[in-house]
Every structure is written in C-alpha cells, then in structure tokens.
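Spelled out, the chains give:
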Amino acid sequence: MDRCAIAYEYHKAGYNCAQSVVGAFEDLTGLTKEQLMALAGGFGGGVGGSHEELCGAVSGAVLVLSLLYPHTEGGDKAGKMQAYAKAKEFRRRFQSNGMKSSR
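The structure presented is a predicted model; accordingly, all values stated were derived computationally and were not measured. (Residues numbered from 1 in each chain as written. Predicted model: local features only at pLDDT ≥ 70, side-chain atom pairs only at ≥ 80, totals over all residues. Heavy atoms only, no water.)

Q: I'd like a description of the packing of aromatic side chains, backed by residues and values.
A: What the rule picks out here adds up to 2 aromatic pairs. For the pair Y10 and Y15, a centre-to-centre distance of 5.4 Å together with 85° between the ring planes defines the contact as edge-to-face. Exposure remark for Y10: the relative accessible area of 15% places this residue in the buried category. Arranged with centres 6.0 Å apart and planes meeting at 35°, the rings of F90 and F94 form a pair that is tilted. One end of the pair is F90 and the other is F94, both in helix α6 (residues 77-96) and 4 residues apart, which spans about a single turn. F90 sits in the partly exposed class, given a relative accessible area of 27%. (Phe/Tyr/Trp six-rings, centres within 6.5 Å; stacked < 30°, edge-to-face > 60°. Buried < 20%, exposed > 50% of the residue type's maximum accessible area, 1.4 Å probe, protein only. Helix = DSSP H or I, 4+ residues; strand = E, 2+ residues; numbered from the N terminus.)

So, in structure tokens, the structure goes:
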C-alpha cells in the first residue's frame, strides 16, 4: 500500500494536509475516516489555515503516531517519553529530507 499516493488522493479530493496524512493510515488507527477527518480538520495550513505554525502534514503524522504509540496515563513517564521520541524523530526526518510546506 502506497500511503503517499493515498494521502495525495485525499489532498486532490479537497482534504487538508493533516487530514490527507491521517486518512492514509486509517487502517492502522482503529478510527473511522469520519473520525480521523474531524480530528485533523483544524490542522490544515498550519493551524486554521494561518500558515504560521507547523505544517499540516507533520501535524497529521504526529496525530497518527500518537494513536499508534499512545500515552494515556498521566503517571506513565515511559509512555510519554516514547510518544515524544516518535514525534521528535519524525519531525527530524521530515526536516532533514528537505520537505517544505506548500506555504
């Protein structure tokens, strides 16, 4: 399954970058398409289309990582550190690949 192609198809259909990324991972999240699109809806174009914050594609990827590596208990420091490490590594790889927002 080519998740980049799936995300691209979502984007062509009018979904924002965050929605497109989360939609490409629907099969792994346990959520419906509608739930994922609602969850990521405000993260397009940075936050709320402002083009000032983190790219929507990165936000969508972090949402997926948070679902795949959940930190759900306040006292679970190891879970928190794992979630942070996954998000940090993704952000590092995204930036090192020279990927830029379409802003």
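Q: Which residues make up the pattern of salt bridges, and what are the values?
A: Throughout the structure, instances matching the rule amount to 3 salt bridges. Here R3 and D27 are joined by a salt bridge, their closest N and O atoms 2.8 Å apart. Here R3 is found in helix α1 (residues 3-12), whereas its partner D27 is found in helix α3 (residues 26-29), with 24 residues between them in sequence. Linking K12 and E9 is a salt bridge whose minimum nitrogen-to-oxygen distance equals 3.3 Å. Pair noted here: K12 and E9 are both in helix α1, with a separation of 3 residues, about one helical turn. E9 gets classed as partly exposed once you look at its relative accessible area, which sits at 44%. (Salt bridge = Lys/Arg side-chain N within 4 Å of Asp/Glu carboxyl O.)

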